[in-house]
Amino acid sequence: PRGQPLGPPLKHMATVEGCAWSDDARYLATVQYDGLIRVWQRPVDDLVIARESGWGQRPRVSFDGRLVVPGLWHEAPFGGRDQSVNRLRVVATANGEPAGADISLPGALVDSCVCADNLAVAAVFSRGAMGQLGVWDVATARARFDPITLPGLPLSVAARPGSGQLAVICSTGDLLVIDDKTGKRVLELRHEAWRVRPTFDVSRS
């Protein structure tokens, strides 16, 4: 929550290829390119554990470190376009409890982030073949504006630090920059050669 290191840097004798936390966040495993695996124990001071079933793939922390929302694991080897939930829950990092009421979504959650003011949350979600963006106040769960229809299915949403702007990228190659208070489009770009890699179907491998 305070953004301070948990301890000194973890020294390795070779390139680190990956790492993973245990479910209780007490242990961290790292693996080197030569196959050596190390397991590190985390200091237990101020440990906060929150369990949210069906919450998301990757936590996204607010700029002030006090809130966390469900995000998408963009590097997922097997793809996956949505989180299979139609709600958004913001969690307080201080105690692991909800920071406000659950936000009901009219579609399946794809990605979310806390806005730069640390007071609102933005989410992109899919409704069939259509994508939308919405922004809600964290404390009251009230929408700042009606959901915006996107030019394609959303892939990601991110807040711009120090400003009231959000960036959304769609599967069509469209990049939108949107004002997080009014929902107005600030900038629209399209990557004409954009190609989204098809989702890997593990059942056919």
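In this report, we go over the structure that sits alongside the text. Since this is a predicted model, take the numbers as computed values, not measurements. (Residues numbered from 1 in each chain as written. Predicted model: local features only at pLDDT ≥ 70, side-chain atom pairs only at ≥ 80, totals over all residues. Heavy atoms only, no water.)

1. Overview of the pairing of strand β3 (residues 37-41)
Phase 1 of the analysis: A small share of β3 lies buried, amounting to zero of its five residues.
Phase 2 of the analysis: Two elements, strand β2 (residues 27-32) and β3, share five bridges in a ladder whose sense is antiparallel. Paired with Tyr27 across the strands is Gln41, a residue of β3.
Phase 3 of the analysis: As consecutive antiparallel partners, β2 and β3 are separated by four residues, and within that stretch Gly35 has a phi angle of approximately 95°, a positive value. (Buried < 20%, exposed > 50% of the residue type's maximum accessible area, 1.4 Å probe, protein only. Helix = DSSP H or I, 4+ residues; strand = E, 2+ residues; numbered from the N terminus. Pairing = 2+ DSSP bridges.)

2. Some remarks on unusual backbone geometry
Phase 1 of the analysis: Positive phi, close to 60°, is recorded for Asn118, a residue that is not glycine.
Phase 2 of the analysis: In this fold, Asn118 is placed in the loop between β9 (108-114) and β10 (120-127).
Phase 3 of the analysis: The class of Asn118 is buried, set by a relative accessible area of 18%.
Phase 4 of the analysis: Even without a glycine there, the phi angle at Ala141 is positive, about 65°.
Phase 5 of the analysis: Topologically, Ala141 is positioned in the loop between β11 (130-137) and β12 (148-149).

3. Side note on the pattern of salt bridges
Phase 1 of the analysis: Under the criterion given, the structure shown has nine salt bridges.
Phase 2 of the analysis: The salt bridge partner of Asp102 is Arg87, with a shortest N-O separation of 3.9 Å. Of the two residues, Asp102 sits in the loop between β7 (91-92) and β8 (103-104) while Arg87 sits in strand β6 (residues 87-88), which places them 15 residues apart along the sequence.
Phase 3 of the analysis: Where Arg190 meets Asp174, a salt bridge forms, and the shortest distance between an N and an O atom there is 2.8 Å. Of this pair, Arg190 sits in strand β16 (residues 185-190) while Asp174 sits in strand β15 (residues 174-179), and the two are 16 residues apart along the sequence.
Phase 4 of the analysis: Three or more residues joined by partner-sharing salt bridges are found here, namely Asp117, Arg144, Asp180 and Lys181. (Salt bridge = Lys/Arg side-chain N within 4 Å of Asp/Glu carboxyl O.)

4. A word on the side chain of Asp174
Phase 1 of the analysis: Classification of Asp174 as buried rests on a relative accessible area of 9%.
Phase 2 of the analysis: Within the local environment of Asp174, its side chain forms a polar contact with the side chain of Arg190, the two groups lying 2.8 Å apart.
Phase 3 of the analysis: When near neighbours in sequence (up to four residues on either side) are disregarded, Asp174 contacts Pro151, Val168, Ile169, Leu189 and Arg190. (Polar contact = N/O pair within 3.5 Å; in protein donor to acceptor, adjacent residues only side chain to side chain. Contact = heavy atoms within 4.5 Å.)

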